[in-house]
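Chain and residue survey
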Amino acid sequence: MQARLETLAMDLCAMFMGWRLREDHAALLALEEGTLRIDLASGECWCDGDPLPPLFIAGELRSAVHAAGEKIEGGTLDAEFAKRSAWIRGEARPALDLACRVQLRSDDGLRAVAEANNSAAR
């Protein structure tokens, strides 16, 4: 069970850092920087403590938790983000620096933590 919980935590980080975030990319760019918190059980989101409208990525993460079939008591994804400029095909475009941390708790008291960032993507 512990290994499956740890794998799920790593998979959730990968999902957040991957293509599924594209649906919310413009919203995070508009916020420019902050700390995002996603409740993985409910899909509720906050930025710097203030509630946000539903995010696509939150629904995707929530679905992944439920699909995994693990008995999860609670879990969160916390992410730090900041807007930056990136050169893409000779043109400056907005991009995001991201670092996330997933914490999961199972019904039987097991805990798993995973972290990821895109600092190597520059």
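Now for a quick tour of the structure. A quick note: this is a predicted structure, and the numbers were derived from the prediction, not measured.

Here we look at the pattern of salt bridges
Enumeration according to the criterion identifies six salt bridges in this entry. Where E60 meets R20, a salt bridge forms, and the shortest distance between an N and an O atom there is 3.0 Å. Of this pair, E60 sits in helix α3 (residues 56-68) while R20 sits in the loop between α1 (2-17) and α2 (22-31); the two residues are 40 residues apart in sequence, bridging distant segments of the chain. For R101, the salt bridge identified is with E115, shortest N-O distance 2.7 Å. Taken together, the residues span a long stretch of sequence, with R101 in strand β5 (residues 91-106) and E115 in strand β6 (residues 111-117) at a distance of 14 residues.

Concerning the side chain of S106
With respect to the helices and strands, the residue S106 is situated in strand β5. Not counting residues up to four positions away in its chain, the partners in contact with S106 are M1, L5, K71, I72 and E73.

The rules behind the values
Residues numbered from 1 in each chain as written. Predicted model: local features only at pLDDT ≥ 70, side-chain atom pairs only at ≥ 80, totals over all residues. Heavy atoms only, no water. Salt bridge = Lys/Arg side-chain N within 4 Å of Asp/Glu carboxyl O. Helix = DSSP H or I, 4+ residues; strand = E, 2+ residues; numbered from the N terminus. Contact = heavy atoms within 4.5 Å.

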